[in-house]
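Below, each chain spelled out in residue letters.
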Amino acid sequence: MSSFVRTQVPLFVGAALTFYMLVEFFIPVPILTQGGVEIRTWGVIIAAFTMGLGVTTLVDNNLRIIRRRGRNWPYYLYSLILMCVMIVTGLMPPMTKHFVFLWLYNNAFSRLAQAMYSILAFFITTATFRAFRATTFASACVLVAGIFVILTLAPIGAAISPVIPVIGTWVQNVPNLAGMRAIVIGVGIGIVALGVRTILGYERGHLAGGTGGGAT
Amino acid sequence: MSIVAAGKVNQLALLLAFSAAIAFVIYSALKGKMPEIRRLSAVDTIDQCIGRAVEMGRPILYSSVGYLTTIDAPQTIASFTVLEYVARKAAKMNADLRVVPRYAVLIPSMTDIVKSAYIAEGHPEMFKSEKIMFFSDTQFAYATGMMGEIARERPASVIVLGAQSGEALCTLESAVIHGAMSVFGTANTHQLPWVALTATDSLIGEELFAVGAYISKEPISVGTIGGGDIARFICIAIIGVGALLATAGVRWFADLFKI
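As the structure is a prediction and not an experimental result, all values here were calculated from the model.

Visitor: Is there a simple way to think about the interface of chain A and chain B in this case?
Guide: It is common to give the size of an interface as the accessible area lost on bringing the parts into contact. Chain A puts 60 residues into the contact, and the matching count from chain B is 70 residues. Interface area, chain A with chain B, both sides summed: about 5800 Å², of which 71% is carbon and sulfur. Among the residues chain A hides against chain B, the three largest losses belong to Phe26, Phe123 and Ile189 of chain A. Together they make up 11% of the total. Where chain A meets chain B, there are 3 salt bridges. Salt-bridge contacts for Glu130 of chain B lead to Arg64 of chain A; the nearest nitrogen and oxygen are separated by 3.4 Å. Our count for the contact surface shared by chain A and chain B stands at 10 residue pairs in polar contact (both at pLDDT 80 or more). Broken down by secondary-structure element, the contributors of at least two residues to the side of chain A that touches chain B are α1 (3-26), α2 (30-67), α4 (99-131) and α7 (163-200) of chain A. Taken together, the residues of the side of chain A that touches chain B break down into 34 nonpolar, 19 polar and 7 charged.

Visitor: Mind showing me how you'd approach the packing of α4 of chain A against helix α5 (residues 139-153) of chain B here?
Guide: A pair of packed helices is captured by two measures, namely the crossing angle of their axes and the spacing between those axes. α5 of chain B packs onto α4 of chain A with a crossing angle of 60 degrees between their chain directions and a minimal axis gap of 9 Å. Classified by chirality, the crossing of α5 of chain B by α4 of chain A is left-handed. Judged by residue contacts, Ala113, Met116, Tyr117, Leu120 and Phe123 of chain A of α4 of chain A engage Phe140, Thr144 and Met147 of chain B from α5 of chain B. Considering only residue class, the contact of α4 of chain A with α5 of chain B consists of 7 nonpolar, 1 polar and no charged.

The rules behind each value
Residues numbered from 1 in each chain as written. Chains lettered and ligands numbered in written order. Predicted model: local features only at pLDDT ≥ 70, side-chain atom pairs only at ≥ 80, totals over all residues. Heavy atoms only, no water. Contact = heavy atoms within 4.5 Å. Buried area = accessible area lost by both parts, 1.4 Å probe. Salt bridge = Lys/Arg side-chain N within 4 Å of Asp/Glu carboxyl O. Polar contact = N/O pair within 3.5 Å; in protein donor to acceptor, adjacent residues only side chain to side chain. Helix = DSSP H or I, 4+ residues; strand = E, 2+ residues; numbered from the N terminus. Nonpolar A, V, L, I, M, F, W, Y, C, P; charged D, E, K, R; others polar. Axes fitted to C-alpha atoms, helices over the stretch in contact; angles between N-to-C directions. Left-handed = near helix turned anticlockwise from the far one by under 90°.

Written out as structure tokens, the structure is:
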């Protein structure tokens, strides 16, 4: 594929669509709005098609490990079998409502997802424990602010002293909120800068080899 | 009837003001007056991550998180720029790079980026499609896949950039438990504390969007960062004036910026 087709055409299409979507957002002309809806629909359809690619990649990688009897290969086989079962039962009429599919979804998939989600509680504890080691001034500030916020949210805080919830609420509503808003403003400005680079065709990381030798 | 949609005039005015600031700095950069941008320590840490992987003979695990068709798209695109950087360095230094797209929609782009990086560095034979691993579009199935990969393969470094949510802490803590260096980046405010506190180094907020310009060092790209600084000063001025007027009981200025 020539460099023109590979980089220039996607750059032009990306820049033109970015500009179009921007105009469509600000100027309420029905024909522009309709075009914007069409473009968004295209995006959804293209994204849906790539799910097939995801399945292909998954099957391909798993089969490769199974064929060469790689480490833990039975688990990869098990994963493939389960994927096939879910796809087949999911496509059986009434689509995604078949009792086997629903049983597997509700009793296996959902429960496992919830179990993984619950692990976060332990990870939050270990991460907080590390973060709360007052090794520097900044981490000491995190520790002190954290203690007040935790005690504010726990009933014991108010029982120890009525001042604790006042300080904890102030930490959450003033420095924490101000910091978060500053970051959100920074993110917004960063997105504008990225948008300008995209419209001008200088954001090329997504075009495979387009940044012109970023690595040195 | 206004040409601009009702309630969006203030947004358009700010967008134009910011774009004008960025255009001005780009123009100055093209004239040779390049704005200075501060060192992004995370880029140095990424280099260390790759060097560590080569020295230890262990893989680098890279994941881009975020959709391409939603508000997450800018973060995803920014993560692609870093992926290209990492892939080219990995190709140069003969490091084992394993790439995990968070969503299936990212597979074609990420595969192409890695493949092209290996070709650009003169090592097309090093590209292996099985190194592009897809786990699932579902949040905690992906998190489980990442945690399993970290536990089994013991990567030297884990780099995850993009619009992360709860899965970020699962991956981060797994990296910490298994002794991997980690560079995480996100602009999602709800994950910023974990990323900033737990990762070896992080790209938080605007840094994630600036990294592409920082790596490329092109005048126009760097100009957009310098322009962003002017935009920030505009914001500070607006906030300052708004706070003063609101304190004095004058609300019309603050109301101008209501969405």
